[in-house]
Amino acid sequence: MSKKVSKNKPHASHGTPAVVALDRAGVAYDLHTYEHDPASDLSYGLEAAEALGADPAQVFKTLLADVDGRLVVGIVPVDGSLDLKALARAVGGKRAAMADPAAAQRATGYVVGGISPLGQKQRHATVLDESAARFDVVYVSGGRRGLDVSLAPDDLLRLTGGTTAPIGRA
């Protein structure tokens, strides 16, 4: 069962770097908590969509890829996958491969399954799949398993310094 936390109030109990970044920016957002089930057969993202009662096309996962030797963030719907060639093209690169999970955790400060595009330890080039523009609000990880935030795609792009491109595959 998901629990929605009130909008735009300091959320000290959820003090992930992502929530802190949202509070500091003064952006309109909602927090959504749910019980992460380690025994679930669903991926982290599909588990979140189900727990939140949200359309999986509206819930986005944050993935890190190595593009020509640098880490790049790709944000795509949880019911699809990241097109690595498209991500490389979107950032002017030639080759892309999924980043090593340990490297992704070190670079972001988050654990796999809870990596947020917001409040990362280091700033990375970020690309949001263009399908996000279909929604007034999208869901992304709030910085830990069992915590998502919903916010306008334009705010997500502004806070991450990101761009949009067709980087998702169904």
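See above for the structure.
The structure displayed is predicted, hence computed values, not measured ones.

Caption draft 1: Structural context of the environment of Arg 145. Along the chain, Arg 145 turns up in the loop between β8 (138-144) and β9 (147-151). Judged by relative accessible area, Arg 145 falls into the partly exposed class, the value being 33%. Taking C-alpha positions, Arg 145 is 9.9 Å from Ser 116, a pair spaced 29 residues apart along the chain. If sequence neighbours within four positions are ignored, Arg 145 has contacts with His 36, Tyr 44, Val 111, Val 112, Gly 113 and Gly 114. Separated by 2.5 Å, the side chain of Arg 145 and the backbone oxygen of Val 112 make a polar contact.

Caption draft 2: Examining the layout of surface pockets more closely. In this structure, the largest pocket occupies an estimated 420 Å³ of space. Tyr 44, Lys 61, Thr 62, Leu 63 and Gly 113 are the residues nearest the centre of the largest pocket, which is lined by 27 residues in total. For the lining of the largest pocket, the secondary-structure elements that each account for two or more residues are α2 (44-52), β3 (60-67), α4 (101-108) and β8. Looking at the lining of the largest pocket residue by residue, the classes come out as 15 nonpolar, seven polar and five charged. Of the voids in this model, the second largest pocket is the one considered here, and its volume is about 150 Å³. The wall of the second largest pocket is formed by Pro 117, Leu 118, Gly 119, Gln 120, Lys 121, Gln 122, Arg 123, His 124, Thr 126, Leu 159 and Thr 160.

Caption draft 3: The nonpolar core, seen in detail. Core analysis: the biggest nonpolar cluster contains 26 residues, and Val 140, Val 149, Leu 151 and Leu 156 have the highest contact counts within it. Leu 156 has contacts with Ile 75, Pro 117, Leu 118, Leu 128, Val 138, Val 140 and Leu 151, leaving out every residue within four places of it along the chain.

Caption draft 4: Quick peek at unusual backbone geometry. Located in the positive-phi region is Asp 68, a residue other than glycine, with phi close to 50°. Note on placement: Asp 68 falls in the loop between β3 and β4 (70-77).

Caption draft 5: Examining the pairing of strand β7 (residues 125-129) more closely. Counting buried positions along β7 yields four of five residues, so the element is predominantly enclosed. Here four bridges tie β4 to β7, and the two strands are oriented parallel to one another. Paired with Ile 75 across the two strands is Leu 128, which belongs to β7. Bridge count between β7 and strand β10 (residues 163-165): three bridges; the pairing is parallel. Among the inter-strand pairings, Val 127 is bridged to a residue of β10, identified as Thr 163.

Caption draft 6: Structural view of the environment of Gln 105. Tracing the backbone shows Gln 105 in helix α4. Residue Gln 105 is classed as partly exposed on the basis of its relative accessible area of 31%. Between the C-alpha atom of Gln 105 and that of Leu 159, which follows or precedes it by 54 residues, the distance is 20 Å. Those residues in contact with Gln 105, other than ones at most four positions away along the chain, are Tyr 110, Val 111 and Val 112.

Scoring rules and cut-offs
In this numbering scheme, every chain counts its residues from 1 along its sequence in written order. Confidence filtering applies because this is a predicted model: local features only for residues at pLDDT of at least 70, side-chain atom pairs given and counted only at 80 or more, and all residues used for totals across whole chains, interfaces and linings. Each side-chain value is worked out from all heavy atoms of the structure, with water and hydrogens disregarded. Only DSSP runs of H or I reaching four residues or more are called helices, and only runs of E reaching two or more are called strands; each is numbered from the N terminus. Accessible area is worked out with a 1.4 Å probe on protein chains only. A residue is then buried under 20% of its type maximum, exposed over 50%, and partly exposed in between. Two residues qualify as a contact provided that any one of their heavy atoms is within 4.5 Å of a heavy atom in the partner residue. We define a polar contact as two N or O atoms separated by no more than 3.5 Å, with the added condition that, inside protein, one atom must be a possible hydrogen donor and the other a possible acceptor, whereas residues neighbouring each other in sequence contribute only through side-chain atom pairs. Within this scheme a cavity is a closed region of a 1 Å grid, computed over the protein atoms alone, that accommodates a 1.4 Å probe without allowing it to escape, whereas a pocket is open but has protein on both sides within 12 Å along at least five of seven lines; lining residues each have an atom within 4 Å of a point. Grid points are joined across faces, edges and corners, and a volume is the space filled by probe spheres set on the points. Gly is put with the polar residues, along with every residue not named as nonpolar or charged; the nonpolar set is Ala, Val, Leu, Ile, Met, Phe, Trp, Tyr, Cys and Pro, and the charged set is Asp, Glu, Lys and Arg. Among the buried residues, those of types Ala, Val, Leu, Ile, Met, Phe, Trp, Tyr and Cys that are joined through side-chain atoms within 4.5 Å form a nonpolar core. A pair of strands counts as paired when DSSP detects no fewer than two bridges linking them.

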